[in-house]
Amino acid sequence: MIIVNLDVMMAKRKISSGELAARVGITQANLSILKNQKAKAVRFSTLNDICKALDCQPGDILEYKED
Amino acid sequence: MGYNNGIIRWTKIATLMFIGITVVGDIFGIVITKYIALIWAGVTEIEKISMLAVVFYLGTVGAYVVLFSLLKLLTNMSKDKVFDRQNTKLMGIITAALIGIAVVCVAGGFIWFGCWELTIVSLFMALVVMSVKVVFDKAITMKEEMDLTI
């Protein structure tokens, strides 16, 4: 399964949920869905904006773990 | 949207009218079954007439389930609750009730052949509702996936 390590990266960059949501252009509710592993899919455009906002690579946010 | 609301409103009125007809049918159930038995089926035995009355009343129970479920379904749709799991559950109830009516009508068919026509109509309607339910189930799954795409 794919694990979203967004909160780890946010802690490293010392950025709050509200600020990241505003920078990426998504709602805090949707950011919460992403952080809580509830999302079914992530658009490339959203991933691009998150990576830009956190100055990181997609691999820093997404991780594959065996079920 | 206004166009659809108009259709829903008229369908609700029609459903309420059918509920009214079913209530009237229940009140005059004995008279109706006697008429069907004597005039249409040519049956005079009291046991067969009673059996037909039981089939009639069981059929109306199924009709109430179908009509009230349909009314609830239409109410949900008028509230813009279209792709909702509750609606597919209601469609499942309608399908089950229609199959129930068909089963009851099979028994009635041994007294009056006309009941078997109702069986076919009822099963066909169940098939249509079940197909719509499958489409709704797929649509709801797709909607849920879309809602969880960030």
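A short tour of the structure in this document, coming up. (Residues numbered from 1 in each chain as written. Chains lettered and ligands numbered in written order. Predicted model: local features only at pLDDT ≥ 70, side-chain atom pairs only at ≥ 80, totals over all residues. Heavy atoms only, no water.)

## What about the overall build of chain A?
Tallying secondary structure elements over chain A gives five helices and two strands in all. Secondary structure elements in chain A, listed N-terminal to C-terminal, are β-α-α-α-α-α-β. Relative to a compact globule of 67 residues, whose C-alpha radius of gyration would be 11 Å, chain A shows 11 Å and is just as compact. In terms of its C-alpha atoms, chain A occupies a principal-axis envelope of roughly 35 × 20 × 20 Å. Counting the 67 residues in chain A, one finds 31% classified as buried. The contacts of chain A with a sequence gap of at least 6 include a subset with a gap of at least 24, amounting to 64%. Looking at chain A as shown, the accessible area adds up to about 4400 Å², and 51% of this sits on carbon and sulfur atoms. Averaging the coordinates of the 10 positive side-chain charges in chain A and doing the same for the 8 negative ones gives two points 5 Å apart. (Helix = DSSP H or I, 4+ residues; strand = E, 2+ residues; numbered from the N terminus. Rg over C-alpha atoms; globule rule 2.2 N^0.38 Å. Buried < 20%, exposed > 50% of the residue type's maximum accessible area, 1.4 Å probe, protein only. Contact = heavy atoms within 4.5 Å. Areas by Shrake-Rupley, 256 points an atom, 1.4 Å probe, with all protein chains shown as cover. Lys, Arg positive; Asp, Glu negative; His and termini not counted. Charge placed at Lys NZ, Arg CZ, Asp CG, Glu CD.)

## A closer look at the nonpolar core
Residue and element names in this part refer to chain B. Formed by 23 residues in total, the largest nonpolar core has its most connected members in Leu52, Val66 and Leu98. At the level of secondary structure, the elements contributing two or more residues to this core comprise helix H2 (29-40), helix H3 (46-78), helix H4 (85-109) and helix H5 (114-147). Among the elements that take part in this core, H4 stands out by supplying seven residues, more than any other. For Val66, the residues in contact, after removing those within four places along its chain, are Ile94, Ala97, Leu98 and Ile101. (Core = buried A, V, L, I, M, F, W, Y, C linked by side-chain atoms within 4.5 Å.)

## Quick notes on unusual backbone geometry
A positive phi angle is found at A:Asp55, which is not glycine, with a value near 50°. Here A:Asp55 shows up in the loop between helix H4 (44-54) and helix H5 (58-61). For B:Asp80, which is not a glycine, the phi torsion comes out positive at approximately 65°. You can see B:Asp80 is positioned in the loop between H3 and H4.

## As for the environment of B:Ile30
Residues and elements named next belong to chain B. Looking at the element boundaries, Ile30 is found in helix H2. Residue classification places Ile30 among the partly exposed positions, given a relative accessible area of 46%. Here the alpha-carbon distance between Ile30 and Leu52, two residues 22 residues apart in the chain, equals 9.4 Å.

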